[in-house]
Amino acid sequence: MEVSYKKLWKLLIDKDIKKRELSRIANIGTSTIAKMTRGEHVSMEILLKLCCALSCDFGDIIEAVPTNRSSVF
């Protein structure tokens, strides 16, 4: 499974918030925003800051999606 931030990006569009503004209001670094843009993992603390800043829940900004890799057992 991988983490997808597509819900976050859609929420930002719906609320007319730019990534740089999100960084400021959530008090997180722009490098963290860049990590999420690349689909990389971030800490629960960062996700909590985002939820507080956007008045939402974890499920509103992230979701687990299956990977496309074949499993070898």
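Procedures and definitions
- Residues numbered from 1 in each chain as written.
- Predicted model: local features only at pLDDT ≥ 70, side-chain atom pairs only at ≥ 80, totals over all residues.
- Heavy atoms only, no water.
- Helix = DSSP H or I, 4+ residues; strand = E, 2+ residues; numbered from the N terminus.
- Buried < 20%, exposed > 50% of the residue type's maximum accessible area, 1.4 Å probe, protein only.
- Axes fitted to C-alpha atoms, helices over the stretch in contact; angles between N-to-C directions.
- Parallel < 35°, antiparallel > 145°, perpendicular 65-115°, else oblique.
- Contact = heavy atoms within 4.5 Å.
- Nonpolar A, V, L, I, M, F, W, Y, C, P; charged D, E, K, R; others polar.
- pLDDT = per-residue confidence, 0-100.
- Arc of directions from axis to C-beta.

Asker: Just checking my understanding: could you explain unusual backbone geometry for this structure?
Answerer: Glycine aside, a negative phi is what most residues show, and trans is what most peptide bonds show. Non-glycine residue Asp16 carries a positive phi angle of around 55°. As for its position among the elements, Asp16 is in the loop between α1 (6-14) and α2 (19-26). Residue Asp16 is classed as exposed on the basis of its relative accessible area, which comes to 62%. Even without being glycine, Asn27 reaches a positive phi, approximately 60°.

Asker: Just to check I follow, could you spell out the packing of α2 against helix α4 (residues 44-54) for this structure?
Answerer: The description of two helices packed together rests on the angle between their axes and the distance between the axes. In the contact formed by α2 and α4, the axes pass within 9 Å of each other and the chain directions differ by 100°. The orientation of α2 relative to α4 falls into the category roughly perpendicular. Taken together, the residues of α4 that come into contact with α2 (itself represented by Leu22, Ile25 and Ala26) are Lys49, Leu50, Ala53 and Leu54. Along the lines of polarity and charge, the residues of the contact of α2 with α4 split into 6 nonpolar, no polar and 1 charged.

Asker: Hey, could you run me through the confidence of the model for the protein chain in this one?
Answerer: The predicted structure's coordinates, where accompanied by low pLDDT, should not be read in detail. A residue-level look at the protein chain finds 93% of positions with pLDDT of 70 or above and a mean pLDDT of 93. Across the protein chain, the element-wise mean pLDDT spans from 93 in strand β1 (residues 2-4) up to 98 in α1.

Asker: Could you clarify how one ought to interpret α4 in this entry?
Answerer: Think of an α-helix as 3.6 residues a turn; residues three or four steps apart then line up on the same face. Along α4, the residues classified as buried are Ile46, Leu47, Leu50, Cys51 and Leu54. Buried positions in α4, seen along its axis, are confined to an arc of 140° and lie on one side of it. Exposed residues lying more than 90 degrees from the buried face of α4 are Met44, Glu45 and Cys52. Buried positions along α4 lie against α1, α2 and α3 (30-37). Note on α4: the residue one or two positions beyond its end, Ser55, has a positive phi of about 50°.

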